[in-house]
Amino acid sequence: MADPNPARTFADPEDPIIAATVPDHYTPLLDGDPPAGENSRRPLKGFLVILSGLVLVGLLMALIGENGPSVSQDSQQNDLTLNAPAESTNISAQFLEPASRGPSAGVSEKSFRLHSGVRAPFPWSNTMLTWQRTGYHFQPEKNWMNDPNGPMFYGGWYHFFYQYNPDAAVWGNIVWGHAVSKDLIEWLHLPLAMVADQWYDTNGVWTGSATLLSDGQVIMLYTGATNESVQVQNLAYPADLSDPLLVDWVKYPGNPVLVPPPGIDDRDFRDPTTAWYWPDGKWRIAIGSKVNKTGISLVYNTEDFKKYELIEGVLHAVPGTGMWECVDLYPVSLKEDNGLDTSFNGPGVKHVLKASLDDDKNDYYAIGTYSLESGNWTPDNSNLDVGIGLRYDYGKFYASKTFYDQNKQRRILWGWIGETDGESADIKKGWASVQSIPRTVVFDKKTGTNILQWPVAEIKSLRKSSKKFDKLEVGPGSVVTLEVEKATQMDITAEFEIDKEALKRIGESDVEYSCGTSGGSAQRGELGPFGLLLLADEGRCEQTPVYFYVAKGTDGQLKTFFCTDESRSSLANDVDKRIFGSTVPVIKGEKLSMRILVDHSIIESFAQGGRTCITSRVYPTKAIYGAAQLYVFNNATSASITASIQTWAMKSAYIRPYSSHQES
Amino acid sequence: MRSSVFLLCVVGLSLTQIQFSSADLVKQTCRQTPNYDLCVQTLRSDPRSSHADVAGLAMVMVDMIKAKSIATLHRISELLGTAPHPKTKATLRRCAELYDNAVLKADIPSAMEALKTGNPKFAEQGANDAANEADSCERAFSGASPITSFNRSVSDLSRVASAIIRLLL
């Protein structure tokens, strides 16, 4: 094939050899442009004094004015390292492809899923695209959605708001969508709660949170992008508190209530949290931001939610983490299984601090102590601080937000699950993004270092026909079909035991395993991988394995990894096909267990009761509708496993627009 | 007399400092993209670049993607008018749809809004999508593309834009 562009003079970054040797372009600072402005007139001393004075003033103003986001060599280094997240990469075991050109070309690892130009783009049919829509996850009827906003329980209803584009299947023109539910599963779509109709939110009605006051008031704080693109915080409240559906909202006429403080960029100030009550009788809220590359959380106090005072210092800061979006701070009980009101503090309680990192599009949390004396939050383990330690979810999961459900005394987490397919497919299918099934959040008493997330119990109301597969022996290198009714909408629980002899025999590994850099389910080890094959067609051309991989690390300790392998999830080339996951702590005596919610193009997986979670978006072309099947597999080289699996076909959830004829 | 010369030098030097600062930012920014030459050339061709911050430079780049995409659509139009082979015709039509519906109606507006309002990750998404669409169109011709330089142009510009936007995160 003739080179279509023989005249290309720049190095082809798709050639891995060249990519590795292309030097960073470095030009010495003072070159190029000749100095300008030689004054050629006969100098007059007085005139010159005035002129040079004016020029110096102008110079000073120009230098101050150019203090926008600073670009330094240091930040370049940080960008490149942040561009290579530890747990995910586009390497596919099956096809010999050059490594993605990501970090070496200064490009985000996430961005380019299309590999070197040999294969044509996938011809998506309407049948395939229609199948992708979920059966029981929250999503609007069409168009783009992103962050969850202001979740709360009020007037007997669970309220959910969300970032929404009423005009297109891509981000833009953002307003607040609204829906209500009795059980967090079946939803009624209501009219838009807030639109961009004020100067202080005309460029975007962005993310915010709700605070319920004891006198029955509902406070909604949200970020507005003003007519001059400054990020400000605004107050809104229901027009009619006696309307349990809270259809109409009023914006406080004195908005904005908060503008970026000195030292904070106009564009680094967003996502106010739910407020918590402080012993001094005032309320506090947190707002994420950054200073250079240090992610921070500012704290304000207020008595009336209209006037605020910036509290000196920050709630917390972690260098190198970049902008903190959607900050969340909430208490968890160390002893009880119920959730706690956001204002709760005291003995027997720890506080989770969470941030969504703009840099790598992941949600990180850390467990720590929130001191009522100092007002500081300190992580239990600074090595696992916010942004450098644990993640809520090791797959596609962002901008998450919790709320206290006073109805059932639970702390509930919502997460935005975006698309990982090609954007032209989103436009063709007319929608983009879903929300995770709401998850309860509790402190993991067994490890003391994790939280546990679990789909809300109400999801079980969708379970119908059940099947049990008890103590299935799956030998090394085998696959067993599990006959189920509807492999595209399932709830699955599975427990695995590795044969004890193999566990004793296992040798040490000199290379540390990692889901993201492994060959996925195709890479065989002595004690793994084994698990389930989801959305697999009969010939298993397409399959999405969710599996455990047990190995002895370089330190001689057994480690368990929990991964989702998208590398063969679809024959299409214009979709992300990563391998995600993480280690999962396994307490002595625990069996390896997983729970999986399969719902068309979304798979939510939970290991060890929700200690490690992975959400995945997949877009099969063949393993759809009736052609999708379920298998259990064991690709270990020497160990047999015993699997006990229970599956339920899931009904679809009733998620429709509300009409006044309906009963509540 | 000496003090006059001194003041003259102060004036001259001050003026050069102002000009150096903005040229610096273009070069500094472009060094962190996969195509320094294209980046500098594109930014310098637009007068806004001389007093823009990094977000502003990204917007200049996104505007260029838009311009090149419009040019690509025109070229596709011209080619369709020459009664091409049916297979080429179908692919050209498909590309027109990608450039029109995806790049111009979705990616560009989304990226521009994100840059303007300070939510750069969505601009990064838009730029990456534009690159993917251009690559997608090129690949659809299976080696016999009549618009390679156009697709390459949009693709390269998009990758540069994406790298600039990354600096804002």
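Procedures and definitions
Residues numbered from 1 in each chain as written. Chains lettered and ligands numbered in written order. Predicted model: local features only at pLDDT ≥ 70, side-chain atom pairs only at ≥ 80, totals over all residues. Heavy atoms only, no water. UniProt positions renumbered as here; feature names shortened; annotations may be inferred. Helix = DSSP H or I, 4+ residues; strand = E, 2+ residues; numbered from the N terminus. Core = buried A, V, L, I, M, F, W, Y, C linked by side-chain atoms within 4.5 Å. Buried < 20%, exposed > 50% of the residue type's maximum accessible area, 1.4 Å probe, protein only. Contact = heavy atoms within 4.5 Å. Axes fitted to C-alpha atoms, helices over the stretch in contact; angles between N-to-C directions. Parallel < 35°, antiparallel > 145°, perpendicular 65-115°, else oblique. Nonpolar A, V, L, I, M, F, W, Y, C, P; charged D, E, K, R; others polar. Disulfide = S-S within 2.5 Å. pLDDT = per-residue confidence, 0-100. Left-handed = near helix turned anticlockwise from the far one by under 90°. Arc of directions from axis to C-beta.

- With an unreviewed UniProt entry as reference, chain B is termed Pectinesterase inhibitor domain-containing protein, source organism Vitis vinifera.
- The Sequence similarities (unreviewed entry) comment attached to chain B in UniProt states, word for word, "Belongs to the PMEI family."

- In the annotation of an unreviewed UniProt entry, chain A is listed under the name beta-fructofuranosidase and assigned to Vitis vinifera.
- For chain A, the Sequence similarities (unreviewed entry) comment in UniProt is given as "Belongs to the glycosyl hydrolase 32 family."
- What UniProt states about chain A under its Subcellular location (unreviewed entry) heading is, verbatim, "Vacuole lumen".

### Focus on the UniProt feature "domain: Glycosyl hydrolase family 32 N-terminal" (unreviewed entry) in chain A
At step 1: Per the UniProt record, "domain: Glycosyl hydrolase family 32 N-terminal" (unreviewed entry) is annotated on residues 137-455 of chain A.
At step 2: Span residues 137-455 of chain A is 2% helix and 47% strand, its end C-alpha atoms 12 Å apart.

### Details of the nonpolar core
Where a protein is soluble and globular, its nonpolar side chains tend to be buried together.
At step 1: If you look at the biggest cluster of nonpolar residues, it comprises 65 residues, and the most contacted ones within it are Phe496(A) and Leu532(A).
At step 2: Beyond its immediate stretch of four places on either side in the chain, Phe496(A) contacts Phe530(A), Gly531(A), Phe548(A), Lys591(A), Leu592(A), Met594(A), Val632(A), Ile641(A), Thr642(A) and Ala643(A).
At step 3: Among the nonpolar cores identified, the runner-up in size contains 57 residues, and Leu25(B), Ala58(B), Leu98(B) and Leu104(B) belong to it.

### Things to note about the packing of helix α2 (residues 36-44) of chain B against helix α3 (residues 54-80) of chain B
Between two packed helices, what matters for the description is the angle formed by their axes and the separation of those axes.
All names here are of chain B.
At step 1: The N-to-C vectors of α2 and α3 enclose an angle of 90°; their axes lie 10 Å apart at closest approach. Judged on the interaxial angle alone, α3 and α2 are roughly perpendicular. The segment α2 lies against α3, with Cys39, Thr42 and Leu43 engaging Leu57, Val60, Met61 and Met64.
At step 2: Grouping the constituent residues of the contact of α2 with α3 by class yields six nonpolar, one polar and no charged.

### Examining the state of the cysteines
Residue and element names in this part refer to chain B.
At step 1: What the rule picks out here adds up to three disulfides over all chains.
At step 2: Note that Cys30 is cross-linked by a disulfide to Cys39, the S-S spacing being 2.0 Å. Negative torsions about the S-S bond denote left-handed disulfides, and the value of about -70° found for Cys30 with Cys39 makes this one left-handed. By the burial criterion, Cys30 is buried, and Cys39 matches it.
At step 3: Two residues share a disulfide in this structure: Cys95 and Cys137, whose sulfurs sit 2.1 Å from each other. Its torsion about the S-S bond being 105°, the disulfide of Cys95 and Cys137 is classed as right-handed. Remark: Cys137 occurs in helix α5 (residues 120-140) and Cys95 occurs in helix α4 (residues 86-117); sequence separation between them is 42 residues.

### Describing the side chain of Asp537(A)
At step 1: Relative to the elements of secondary structure, Asp537(A) occurs in the loop between β27 (527-536) and β28 (544-552).
At step 2: In contact with Asp537(A), not counting residues within four places along its chain, are Glu542(A), Lys622(A), Ala623(A), Ala627(A) and Tyr631(A).

### Some details on the confidence of the model for chain B
At step 1: With 87% of its residues at a pLDDT of at least 70, chain B reaches an overall mean of 91.
At step 2: The complex prediction reports pTM at 0.84, with the ipTM value standing at 0.86.

### Thoughts on unusual backbone geometry
Residue and element names in this part refer to chain A.
At step 1: Residue Pro256 follows Asn255 across a cis peptide bond; omega there is 0°.
At step 2: For Pro256, the location among the structural elements is in the loop between β8 (249-251) and β9 (276-277).
At step 3: Cis peptide bonds are those with omega within 30 degrees of zero, and the linkage from Gly528 to Pro529 qualifies with 5°.
At step 4: Structurally, Pro529 can be placed in strand β27.
At step 5: If you check the backbone angles, Leu535 has positive phi at about 45° while not being a glycine.
At step 6: Turning to its location among the elements, Leu535 is positioned in strand β27.
At step 7: With a phi close to 50°, Tyr625 is a non-glycine residue in the positive phi region.
At step 8: With respect to the helices and strands, Tyr625 occurs in the loop between β33 (612-617) and β34 (629-634).
At step 9: Given the relative accessible area of 40%, Tyr625 is considered partly exposed.

### Quick notes on the packing of α3(B) against α4(B)
Residue and element names in this part refer to chain B.
At step 1: Contact geometry of α3 with α4 gives a least axis separation of 10 Å together with a crossing angle of 160°. As far as their axial angle goes, α4 and α3 are roughly antiparallel. Of the two elements, α3 crosses α4, and the hand of that crossing is left-handed.

### Looking at α2(B)
Residue and element names in this part refer to chain B.
At step 1: Among the residues of α2, Tyr36, Cys39, Val40, Thr42 and Leu43 are the ones counted as buried. Angular distribution of buried residues about the axis of α2 spans 170°; they occupy a single face of the element. Turned more than 90 degrees off the buried face of α2, the exposed positions are Asp37 and Gln41.

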